[in-house]
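# Chain and residue survey
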Amino acid sequence: MMGKALFLSSFFCLLGMLGQAQNSPYELEVRLLWKEAPIQLEKNYYSNALGDSLQFSSLRFYLSHLQLIQSNRVSEAVLDAKLIDLSDSSSMHLSWTNEEAFDSIRFLFGLTDEIQKQGVAGGDLDPQKGMYWTWKSGYILCKIEGSSPSLSTRKNQFVFHLGGYESPYAVSKELNFTWVKDARKQLLEIDLYRFFESIDLKSNPTLMSAGEKAFRMSEAWTAVFQLKEP
Amino acid sequence: MKKTLFVLLLFFSVGFSFLHIASLQPTHFPAPQYALPTLSDSSKIALGRLLFYDAALSRDSSISCSSCHSPYNAFAHTDHDLSHGIDDQIGLRNAPALFNLAWQSVFMWDGAIHHIEVQAAAPISHPKEMGSSIAEMVSRLSTSPFYRNEFYAAFGDSLISGEKSLLALSAFQLSLVSSQSKYDKVLQGLDAYTPMEAKGFELFQQHCRSCHLDPLFSTYAFASNQLPVDTSLMDMGRMAITEAKKDSLLFKIPSLRNLSYSYPYMHDGRFVKLRQVLDHYSGRSLQSPEGQKRILPSFTSNEKTEIIAFLLCLDDLEFVQNKAHQFPKKLLPGRREATRMSSKN
């Protein structure tokens, strides 16, 4: 009798744990790296392409419209606009719940056209976050700022403000990644070493308007996005 | 009896104060591009009006929106040809008049701003205008119990944000409707033109209307005004936004309403008198926004006088004297204590 009760309680406990696993959230953790090590603001990093060290003072960008895909069936967006900000560790974790399985995800680096063209919005899209271009309407989709002693700019700074939503130089880009079967968490790794190796920082340390240059740089930026297992 | 009279008086006075909101859509105007505020937006308009007139929105509390957009000048300003901002800096362009904004889709002389709700972010953040930022504005307003109450009244939440601040400023600006000029009254059969005004209207219809389409007196499209570039400014107009050569020296066509109050004229304020503007356009070859070329006649002196007589019929004295648009009493020095704010600078 005692053994039967123990068996039943263990069975229901296991069932409960399984149920909990089914309902626990999925997570995409964003990791900003320099040669596979997490980047810290104001710390020195060495760039071969630049031939000098550089520091980051701000790394912020938007991800939006996260959708789940199962056998070409695409879900509604499970996450809307999210501002990723290296100075705010809580912003680096995107989580959602979903009852159905999926084998890949897709999302936008940047924001949807609808968001770009609408009026003012709140939350991560509030202009007080400093990501709205005030001289020309539209969001700055990515801010990469820092300095390097080798730059001849004021205070040796580099400033990249990537934005623009008008064709043919719309910066937002849809990205697709395979999601490991049954995984609850994956890492979105962005290696800035690879990014800085692919651009000519010394010749172009400042980019603050939309257009072909911003489009090209955003292509280089999204090219270093990778999805990995924790 | 006295009580009934009091209630009736209260009812009518409250009703009267909302009258300008209740009737924002003029019957002879087309449908607006942006929804006009309604009675339910009156507290948002009131908050937007406070923000519009409060110099605390600028970096050193010296400049408010109204510094360049005075209600007595149809929300333009007449002190300078170019806008005058923080630290006595002079901007690139003549501050445009603000009225009938709900019938425009994009804003600024070059159309840089694509939505009325984000328009105010530009002057607040511009280093030569108010020199602040939306984050700094929110930070300052949040220290003020007075503003927390006003935001609660407008949004049912005292938490101040950039979104709510810009929505309130937008609601106030959308409430600035000018539709009570002599032209409007003639159109509604309530007044009549003098012979000189009627002749001017006829000339206007023949030669000016394609760009300055009534009843708004602008198509709000972008066109060349054929003015030579001011080499001290090198302002290339819309091309600065689109980077397309075809947009070089194109500027948004301004409305011709309220010209008596909103001089100087043109994007760089180079003309002070209407006759100078007519002298410039007289006999000039122009291209419409649709690409059609045409040459305006060389107007005689009498014709210029007649056109100007009609243009003065577009002055809307009720609009520039509307107390509901003017400096709000809540910001008067006697009540400053309530609005005092701290600055982190």
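Residues numbered from 1 in each chain as written. Chains lettered and ligands numbered in written order. Predicted model: local features only at pLDDT ≥ 70, side-chain atom pairs only at ≥ 80, totals over all residues.

## Here's the deal with the packing of helix 13 (residues 274-281) of chain B against helix 14 (residues 301-311) of chain B
Residue and element names in this part refer to chain B.
- For the pair helix 13 and helix 14, interaxial distance at closest approach is 10 Å and the crossing angle is 125°. When the axes of helix 13 and helix 14 are compared, the pair comes out oblique. Handedness of the crossing formed by helix 13 with helix 14: right-handed. Touching Leu274, Arg275 and Leu278 of helix 13 are Lys304, Ile307, Ile308 and Leu311, all from helix 14. (Axes fitted to C-alpha atoms, helices over the stretch in contact; angles between N-to-C directions. Helix = DSSP H or I, 4+ residues; strand = E, 2+ residues; numbered from the N terminus. Parallel < 35°, antiparallel > 145°, perpendicular 65-115°, else oblique. Left-handed = near helix turned anticlockwise from the far one by under 90°. Contact = placed C-beta atoms within 7 Å.)

## A few points about the environment of Tyr152(B)
Residues and elements named next belong to chain B.
- Secondary-structure assignment places Tyr152 in helix 8 (residues 145-155).
- Residue classification places Tyr152 among the partly exposed positions, given that 15 C-beta atoms sit within 10 Å.
- On a C-alpha basis, the gap between Tyr152 and Phe217 in space is 38 Å, while along the polypeptide they are 65 residues apart. (Buried ≥ 20, exposed ≤ 12 C-beta atoms within 10 Å, placed from the backbone.)

## Thoughts on the nonpolar core
- Ranked by size, the top nonpolar core spans 103 residues in total, and within it Leu141(A) and Phe99(B) carry the most contacts.
- When we break this core down by domain, the ones giving at least three residues each are domain 1 (39-178 + 333-339) and domain 2 (182-318) of chain B.
- If near-sequence neighbours (up to four positions away) are discounted, Phe99(B) is found in contact with Ala74(B), Phe75(B), Leu176(B), Val177(B), Ser178(B), Arg257(B), Asn258(B) and Phe319(B).
- If you look at the next biggest cluster of nonpolar residues, it comprises 16 residues, including Leu216(B), Leu256(B), Leu259(B) and Leu314(B). (Core = buried A, V, L, I, M, F, W, Y, C linked by C-beta atoms within 7 Å. Domains from an automatic or database assignment.)

## Notes on the packing of helix 3 (residues 42-53) of chain B against helix 8 of chain B
Residue and element names in this part refer to chain B.
- Helix 8 packs onto helix 3 with a crossing angle of 150° between their chain directions and a minimal axis gap of 7 Å. Relative to helix 8, helix 3 is oriented roughly antiparallel. Of the two possible hands of crossing, helix 3 and helix 8 adopt the one that is left-handed. In this structure, helix 3 contributes Ser43, Lys44, Leu47 and Leu50 to the contact, and helix 8 contributes Glu150, Phe151, Ala153 and Ala154.
- The residue makeup of the contact of helix 3 with helix 8, split by class, is five nonpolar, one polar and two charged. (Nonpolar A, V, L, I, M, F, W, Y, C, P; charged D, E, K, R; others polar.)

## Concerning the pairing of strand 12 (residues 185-191) of chain A
Residues and elements named next belong to chain A.
- In the sheet, strand 1 (residues 26-34) pairs with strand 12 via seven bridges, with the strands oriented parallel. When the sheet's bridge partners are listed, Val30 is paired in strand 12 with Leu188.
- Taken together, the four bridges between strand 12 and strand 14 (residues 225-228) define a ladder with antiparallel strand orientation. Bridge pairing in strand 14 links Glu189 to Gln226. (Pairing = 2+ DSSP bridges.)

## Considerations on the domain arrangement of chain B
Residue and element names in this part refer to chain B.
- Assigned domains of chain B: these are domain 1 (39-178 + 333-339) and domain 2 (182-318).
- Between the C-alpha centres of domain 1 and domain 2 there is a distance of 27 Å.
- Taken together, the contact between domain 1 and domain 2 spans 21 residues of the former and 25 residues of the latter.
- The class makeup of the residues in the side of domain 1 that touches domain 2 is eleven nonpolar, seven polar and three charged.

## Concerning the confidence of the model for chain A
All names here are of chain A.
- Mean pLDDT over chain A stands at 90; residues scoring 70 or higher make up 90%.
- Across chain A, the secondary-structure element scoring lowest on mean pLDDT is helix 1 (residues 2-23), at 51, and the one scoring highest is strand 6 (residues 82-85), at 98.
- Contacts from residues 12-20, a stretch scored under 50 in pLDDT, to residues over four places away or in other chains number zero contacts. (pLDDT = per-residue confidence, 0-100.)

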